Amino acid sequence: MDYQFKSIEAKWQNFWAQNQTYKVETDTTKPKYYVLDMFPYPSGAGLHVGHPLGYIASDIFARYKRLKGFNVLHPMGYDSFGLPAEQYAIQTGQHPAITTEANIKRYREQLDNLGFSFDWSKEVRTSSPDYYKWTQWIFMQLFNAWYNKSTDKAEHISTLIHHLETQGTANLNTVSDDDTQKLLPTDWAAFSEEEKQAELLKYRLTFLKESTVNWCPALGTVLANDEVKDGFSERGGHPVEQKKMMQWSMRITAYAERLLQGLNDIDWPEPLKEMQRNWIGKSVGAMVKFSLERPTSEVGSQDSSDLRLRTSDLIEVFTTRVDTIFGVSFLVLAPEHELVAQITTAAQKAEIEAYIAQTKKKSELDRMADTKTVSGAFTGAYAINPVDGARVPIWIADYVLAGYGTGAVMAVPSGDQRDYLFAQQYNLPIIQILDAQQMENEADPTKEGQYVNSGFINGLNYKEATAKVIAFLEQEGMGYAKINYRMRDAIFGRQRYWGEPVPVYFKNGLPYLIDESELPLMLPEVDKYLPTESGEPPLGRAKDWKYKDEYEYELSTMPGWAGSSWYWYRYMDAKNENAFADKDKIAYWKDVDLYIGGSEHATGHLLYSRFWNKFLKDLGYVTEEEPFKKLINQGMIQGRSNFVYRINNLSTTGFGDKFDDDLFNRNLKRIFISYNQFNLLMQFFKHNDAYLTFTANTISLGFKDIVITESTKFLYDFKDVLFKVAVEGTQTITISKDSFVDLHVDVNIVNNDILDTEKFKASRPEYKDAVFIFEDGTNSLSFGEGRGEAKYICGAEVEKMSKSKFNVVNPDDLTERYGADTLRMYEMFLGPLEQSKPWNTNGIEGVFKFLRKFWKLFHDDAFNFVVSDEAPNKAELKALHKIIKKVEEDIERFSFNTSVSSFMIAVNELTDLKCNKRAILQDLVLLLHPYAPHVTEELWALLGNAEGTISYANFPKFNPEYLVENDFNYPISINGKTRTNLSFPLSMEPADIEKEVLANEAVQKYLEGKSPKKVIIVKGRIVNIVV
RNA sequence: GCUGAAGUGGUGGAACUGGUAGACACGCAGGACUUAAAAUCCUGUUCGCCCUAAAGCGAGUGCGGGUUCGAUUCCCGCCUUCAGUACCA
């Protein structure tokens, strides 16, 4: 039989499911390998061809590793809590669990169609209670933990309590809230139970924190930053305000340094690591204290401000360039800085207040667009530079942000461009501090040279100066070395319904955990998925939902990243009811060896997962510091849209008073012009105001008549169509550039940019009477339909793949037409995995033909299965071992596109050799199995092997002996340009080769009698003659 | 602006360590088979020049330089596209 992909694929998909072929257990006799795809959210739209790209790659790798003798864990599941299901629920009133279930079912069907070797017995769903039980459990562990910087890990809260009982806060080295109290053991002992709880909350790794959120009163909900545009909600355009709210947070900042250091030990793409490094944003520098100058008589006359100044007379700044401190010519505070009001002198008060008001008006967008101009205002106050006692004016400016560092900077105009511009604008001094500094036109931040104008560091270099300044500041008590991170603690609450409930209740305003035995805390039923009238989250609607019928539960739910921050452990032991995963299983599977997914998760999921993993390791629940050893980003698949070009509107004459635009348009708006005909036509409109006028017999461009020639004939053909279609009596028709419109056309009725005109006419009622002007200038009116050569060519453009652009290609349609094996190989064949590329179905035929050709190797012309047991010859063995080597190398470096090409070459070679020998073909089947699992299972069985055993067979062994060559066909180049080829034994010495090459007739011709200056011979590579 | 990735035929792409640029495939053109079409097979296909043809000549990997016997590959400068990020002290 010919290659019957449909029955073959259905048969084996069924077989794998029935026999649980890919079910995997811990097996200490084999090395483990864990291949994971990033957790999908089961959206209602189903899969498009872009989604499986990574799954196919990971499946190939998983199948390859099985053949290489590894025990492979390759699971799949769903990150099934999330906003789209909730929004759909709000619109339709349907419970999100129901729509989620339906979406998962659809996803599963689509995944099954592609022949993946997932172990479905380990499927997990974040929204199922037996899963979120453990998400809640991990939350509880975080609540019961603090970060001990002395041991540099998280510890149970009991060790903190012990420390407070015995030493108070002395020697306590931790990461906590800013407002912790300094305590003696006796203070602690004197605390009431509630005071203790309130204080401990400031140390816990998950804690309540007041944070600002985008609150939209009209929608009654909190919005994410990207849902807000210019102060209005993206949906509906309602006003959004900043609102303070108590929210659960995660103290990820405690792990900033470990998250940063860990990047050095993992094999991830460099750009992705770089993104995380930037996000963590470590800067090494120093804190420096500037004391405020004693108030002058002007301030002194106002007694109250005089007193306040004495109590808080220091300004702290953070700087990464403490070496430049002698170049400080002013300080800048953020307008929101708390000291501003206190230090502003009476004379400057009005100006400062006006500036603050102006800053408040500026949106973030305005500030971003406007980086060139600087603005600020002088407070009238001065500070004292701690290194030399210089008097430094204090300004405020909106380029300094309250939220970063201390909200104050020391300005060094010679070394920082923003400070430089500011100094220029307000006539502040620009002090050179390094002899190598070039600062005529702009600031020079380089660290080269020796210091000048810099007191006790004059003559030193950067390294020496930095150390000396810090030592001086520490000695004077005016500063210290300090490391700053940009990363903030992560907010861990959402005012939404469809997420994990937080296992917390409140007593006297303080949070307490529910008992572990009470997990899971089930998501309660609500009547509507909207906030309550009083603005509480949807959970506030749940009836009689109280802890012990008495205490309020937390009403917010966990964010989307909660369930995905630990799911790879659940796959190891998905059904466990006593632990999130069994200890022995965690010890065996350890970590993910290969993780494949998109780079959009760089700073979300991939950072939070690393954080939770480190935490779980600190508490001894897991063994590895990093969860994902190797990570590959698959590129995005973009859509490739097709367009048709139609007449949209034009002006006509011929009816006098009875002019009816509508009627004309309806008649003429059905003319569709093929791509190149359209472009030819558009050339007449190079000048925007150009127009063409048609009458029954003539055509004119503006006022100039166009005569009929070879190159303008198509215009006359076009005219004929216009008049045939136009209403009778029409005298002139005028068209311009604006008479046409390009319309998206469903890419599924376009093949190689050729429109299926029949399907097109059937696709919409208004296209029923479409008239086509074809690529060759003929049209559907004069020649009738279905004429062989008359093609309608569509235009094409690369855009995002989306429904509205009619460019979504569904994998189901392609497996229906070509089979899963073809689709799998074609997706790989498209190009390098990491690169993003537009999807284009053109070319899938080539892969399909390849699989048929492969199938043919095993069959005679009547499609009888025939393989011979003859011993293979040299050429056949060479073809085989070439592909073994190539495929193995390619898979190891994730270059799947090149191995598909190599398979094609191998099959072409074996076809030419008419090879149907078992000894060759059986190995070829094994090699191809990771890529095309169905057809290879079928052939494996036909070759007489036990059904279903190919998945666990052995990958063919490469033998270099078969590739050994005696001769090499040297390319002979003269001055770097290849002129001819000459074959010599590989063993031949360069000197002998040179002699033979120079004696060669063809070479002599190029030398034109001159003797060569130099002859370069690289053995087994090339001969180059320099003349 | 900064950071990262990329730029090769009509198209997707290959060339892995500096050594024959364009493998493999699509598309296109021509041919075979067929009453015809589909399918299949064969031949050609970087561009330009020259030519009945065979053959030959020249250019060529975003642009301009450089290193080298030799550069898609290394270095310097520039342009374009995509992604991320944003006044981070």
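Quick caveat, the model's predicted, so the values are computed rather than measured. (Residues numbered from 1 in each chain as written. Chains lettered and ligands numbered in written order. Predicted model: local features only at pLDDT ≥ 70, side-chain atom pairs only at ≥ 80, totals over all residues.)

### Let's talk about the nonpolar core
Item 1. L205 and L851 are the most contacted members of the largest nonpolar core, which totals 132 residues.
Item 2. Two domains each provide a minimum of three residues to this core, namely domain 1 (1–29 + 843–960) and domain 2 (30–128 + 561–637).
Item 3. Once you skip the residues sitting within four places of it in the chain, L851 turns out to touch Y3, D821, T822, A932 and V935.
Item 4. Membership of the second largest hydrophobic core comes to 48 residues, among which are Y355, V400, I433 and I457. (Core = buried A, V, L, I, M, F, W, Y, C linked by C-beta atoms within 7 Å. Buried ≥ 20, exposed ≤ 12 C-beta atoms within 10 Å, placed from the backbone. Domains from an automatic or database assignment. Contact = placed C-beta atoms within 7 Å.)

### Re the sheet that holds strand β20 (residues 546–547)
Item 1. Read across the sheet, four strands follow the order β19-β18-β21-β20 without closing on themselves; strand pairing throughout is antiparallel. With partners counted over all chains shown, the strands left at the sheet margins are β19 (510–513) and β20, one partner each.
Item 2. Where strand β18 (residues 504–507) and β19 come together, four bridges link them in antiparallel fashion. What sits directly across from V504, in β19, is L513. (Pairing = 2+ DSSP bridges. Helix = DSSP H or I, 4+ residues; strand = E, 2+ residues; numbered from the N terminus.)

### Observations regarding the protein's contact with RNA strand B
Item 1. In the vicinity of RNA strand B lie 57 residues, with P271, G405, G831, G846 and G976 positioned nearest.
Item 2. Of the residues forming the surface near RNA strand B, the biggest block, six residues, is contributed by helix α31 (residues 896–912).
Item 3. Within the surface near RNA strand B, the residues separate by chemical class into 18 nonpolar, 24 polar and 15 charged. (Near = placed C-beta within 6 Å. Nonpolar A, V, L, I, M, F, W, Y, C, P; charged D, E, K, R; others polar.)

### Focus: the pairing of β18
It is a general feature of regular strands that their side chains alternate between the two faces of the sheet.
Item 1. Hairpin geometry of β18 and β19 is characterised by an intervening segment of two residues between the two adjacent antiparallel strands and by a positive phi of about 50 degrees at N508.
Item 2. Strand direction decides the pairing type here: β18 and strand β21 (residues 551–553), joined by two bridges, are antiparallel. Looking at β21, one finds that F506 is bridged to E552.

### Observations regarding the domain arrangement of chain A
Item 1. Parsing chain A into structural domains produces domain 1 (1–29 + 843–960), domain 2 (30–128 + 561–637), domain 3 (282–485), domain 4 (640–805) and domain 5 (965–1026).
Item 2. Each of domain 1 and domain 4 was reduced to a C-alpha centroid, and the two centroids are 50 Å apart.

### Some thoughts on the environment of P872
Item 1. Topologically, P872 is positioned in the loop between α29 (844–857) and α30 (874–892).
Item 2. When the 20 C-beta atoms within 10 Å are taken as the criterion, P872 is described as buried.
Item 3. Distance in space between the C-alpha atoms of P872 and L681 is 62 Å, their sequence separation being 191 residues.
Item 4. Those residues in contact with P872, other than ones at most four positions away along the chain, are L877, K917, A919 and I920.

### Some words on the sheet that holds strand β28 (residues 699–701)
Item 1. In space, the five strands of this open sheet follow the order β25-β30-β27-β28-β29, with antiparallel pairing throughout. Unpaired on one side and paired on the other, β25 (651–653) and β29 (704–705) mark the two borders of the sheet.
Item 2. Those strands touched by helix α24 (residues 713–725) are β27 (691–695), β28 and β30 (732–736), and its axis lies near 115 degrees from that of β28. (Axes fitted to C-alpha atoms, helices over the stretch in contact; angles between N-to-C directions.)

### A closer look at the environment of P559
Item 1. Along the chain, P559 turns up in the loop between β21 and α18 (561–564).
Item 2. Given 21 C-beta atoms within a 10 Å radius, P559 is considered buried.

### Describing the packing of α29 against α31
Item 1. As a packed pair, α29 and α31 sit with axes 10 Å apart at the nearest point and diverge in direction by 40 degrees. On the basis of their axis angle, the class for α29 and α31 is oblique. Between α29 and α31 lies a crossing of left-handed hand. In this structure, α29 uses F850, K853, F854 and L857 to contact α31, whose residues at the interface are M904, V907, L910 and T911. (Parallel < 35°, antiparallel > 145°, perpendicular 65-115°, else oblique. Left-handed = near helix turned anticlockwise from the far one by under 90°.)

### Focus on the packing of helix α27 (residues 811–818) against helix α28 (residues 820–829)
Item 1. Two elements in contact, α27 and α28, have axes separated by 7 Å at closest approach and are oriented at 120 degrees. In terms of orientation, α27 and α28 fall into the oblique class. Contacts between α27 and α28 pair P811, L814, T815 and Y818 from the former with A820, T822 and L823 from the latter.
Item 2. Class assignment of the residues belonging to the contact of α27 with α28 gives a composition of five nonpolar, two polar and no charged.

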